[in-house]
Amino acid sequence: MTVLEMCEGYYPRLWGVERLRALVRAGRLAKKEFEALTGEVYGDGE
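My aim in this report is to walk through the structure given alongside it, one point at a time. Given the structure is predicted, the values throughout are model-derived calculations rather than measurements.

### Comments concerning the pattern of salt bridges
Taken as a whole, this structure holds two salt bridges when the rule is applied. The salt bridge partner of Arg21 is Glu18, with a shortest N-O separation of 2.6 Å. Of this pair, Arg21 and Glu18 both sit in helix α2 (residues 17–25), three residues apart, which is roughly one turn of that helix. Note on Glu18: relative accessible area 49%, which makes it partly exposed. The salt bridge involving Arg21 is made with Glu40; its shortest N-O contact spans 3.0 Å. In this pair, Arg21 is assigned in helix α2 and Glu40 in the segment after α3 (31–38), connecting sequence segments 19 residues apart. Residue Glu40 is classed as partly exposed on the basis of its relative accessible area, which comes to 32%. One network of salt bridges, in which partners are shared, links Glu18, Arg21 and Glu40.

Rendered as structure tokens:
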């Protein structure tokens, strides 16, 4: 199971947007994937 697949299964029921932001910062989730999952624009200053 990939990180993206886990996010699709767990967000938003078990994981919040902050968990997804942490995955982007760690390099495990692409910014475009974050944006597709959440509908929010990822900003580096957040």
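Moving on from the model shown.
### Description of the packing of aromatic side chains
Scanning all chains against the criterion turns up two aromatic pairs. Aromatic side chains Tyr10 and Trp15 sit 4.9 Å apart centroid to centroid with 65 degrees between the ring planes, which places their arrangement in the edge-to-face category. A relative accessible area of 29% places Tyr10 in the partly exposed class. Taking 5.3 Å as the distance between ring centres and 80 degrees as the angle between the ring planes, the aromatic pair formed by Phe34 and Tyr42 counts as edge-to-face. Considered together, Phe34 and Tyr42 belong to a single accessibility category, that of buried residues.

Each value, and the rule that gives it
Residues numbered from 1 in each chain as written. Predicted model: local features only at pLDDT ≥ 70, side-chain atom pairs only at ≥ 80, totals over all residues. Heavy atoms only, no water. Salt bridge = Lys/Arg side-chain N within 4 Å of Asp/Glu carboxyl O. Helix = DSSP H or I, 4+ residues; strand = E, 2+ residues; numbered from the N terminus. Buried < 20%, exposed > 50% of the residue type's maximum accessible area, 1.4 Å probe, protein only. Phe/Tyr/Trp six-rings, centres within 6.5 Å; stacked < 30°, edge-to-face > 60°.

Treat this as a map of the structure, not an account of what it does.
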